[in-house]
Amino acid sequence: MNQWIKKRGEAVHRSNNDTQATHLVSRPDMKKCLTFFKKLVETTDLAIDQA
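Reading the values: rules and limits
Along every chain, residues carry numbers that run from 1 in the direction the sequence is written. Only residues with pLDDT of at least 70 are given local features in this predicted model, and only at 80 or more are side-chain atom pairs given and counted; all residues enter the totals for whole chains, interfaces and linings. Values shown for side chains rest on all heavy atoms present in the structure; no hydrogens or waters enter the calculation. Comment: elements are numbered from the N terminus, with helices defined as DSSP H or I runs of at least four residues and strands as E runs of at least two. Categorising residues by exposure relies on relative accessible area from a 1.4 Å probe, with only protein chains included: less than 20% of the type maximum marks a residue as buried, more than 50% marks it as exposed, and the intermediate range marks it as partly exposed. In short, Shrake-Rupley with a 1.4 Å probe defines the accessible areas, and a residue's cover is counted only from the protein chains shown. Only residues whose relative accessible area exceeds 30% and that take part in no salt bridge are eligible for patches, with like-charged residues grouped when within 9 Å of each other and nonpolar side chains (Val, Leu, Ile, Met, Phe, Trp, Tyr) grouped when within 5 Å. Every case where a carboxyl oxygen of Asp or Glu lies within 4 Å of a side-chain nitrogen of Lys or Arg is listed as a salt bridge. Stacked, edge-to-face and tilted labels apply to pairs of Phe, Tyr and Trp rings (six-membered ring for Trp) whose centres lie within 6.5 Å, assigned for plane angles under 30 degrees, over 60, and everything in between, in that order. Residue contacts are counted whenever heavy atoms from the two residues lie within 4.5 Å of one another.

1. Some thoughts on the overall build of the chain
Next, step 1: A tally of regular secondary structure across the chain gives two helices and zero strands.
Next, step 2: Put simply, the chain has 51 residues, and 2% of those count as buried.
Next, step 3: In the structure as shown, the chain presents an accessible area of about 4,900 Å², 56% of it carried by carbon and sulfur atoms.

Okay, here's the thing in structure tokens:
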């Protein structure tokens, strides 16, 4: 998770400076990250519901 947060920070600073650069995160990596966070939310919601 720390790596994704670091990438997000890099992307924010980079987007302000260089609009012609290639993407920092590939589409498959982005999908992997989104899937991870969706499952994290689902698991957290399930745990809260069962508590």
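Moving on from the model shown.
2. Quick notes on a nonpolar patch on the surface
Next, step 1: Taken together, Met1, Ile5, Phe36, Phe37 and Leu40 make up a surface patch of nonpolar side chains, about 450 Å² in accessible area.
Next, step 2: Among the elements that line the nonpolar patch, the one with the most residues is helix α2 (residues 27-50), at three residues.
Next, step 3: Considering the arrangement of structural elements, one finds Phe36 in helix α2.
Next, step 4: Note on Phe36: relative accessible area 40%, which makes it partly exposed.

3. Observations concerning the packing of aromatic side chains
Next, step 1: As enumerated under the stated definition, the model contains one aromatic pair in all.
Next, step 2: Ring centres 5.1 Å apart and planes at 75° place the aromatic pair Phe36 and Phe37 in the edge-to-face group.

4. Some words on the environment of Leu24
Next, step 1: Within the fold, Leu24 resides in the loop between α1 (2-17) and α2.
Next, step 2: On the accessibility criterion, Leu24 (28% relative accessible area) is partly exposed.

5. Digging into the environment of Trp4
Next, step 1: By secondary structure assignment, the location of Trp4 is in helix α1.
Next, step 2: As for Trp4 and Met30, which are separated by 26 residues in sequence, their C-alpha atoms are 9.4 Å apart.
Next, step 3: What Trp4 contacts, discounting residues up to four positions off in sequence, is Val25, Asp29, Met30 and Cys33.

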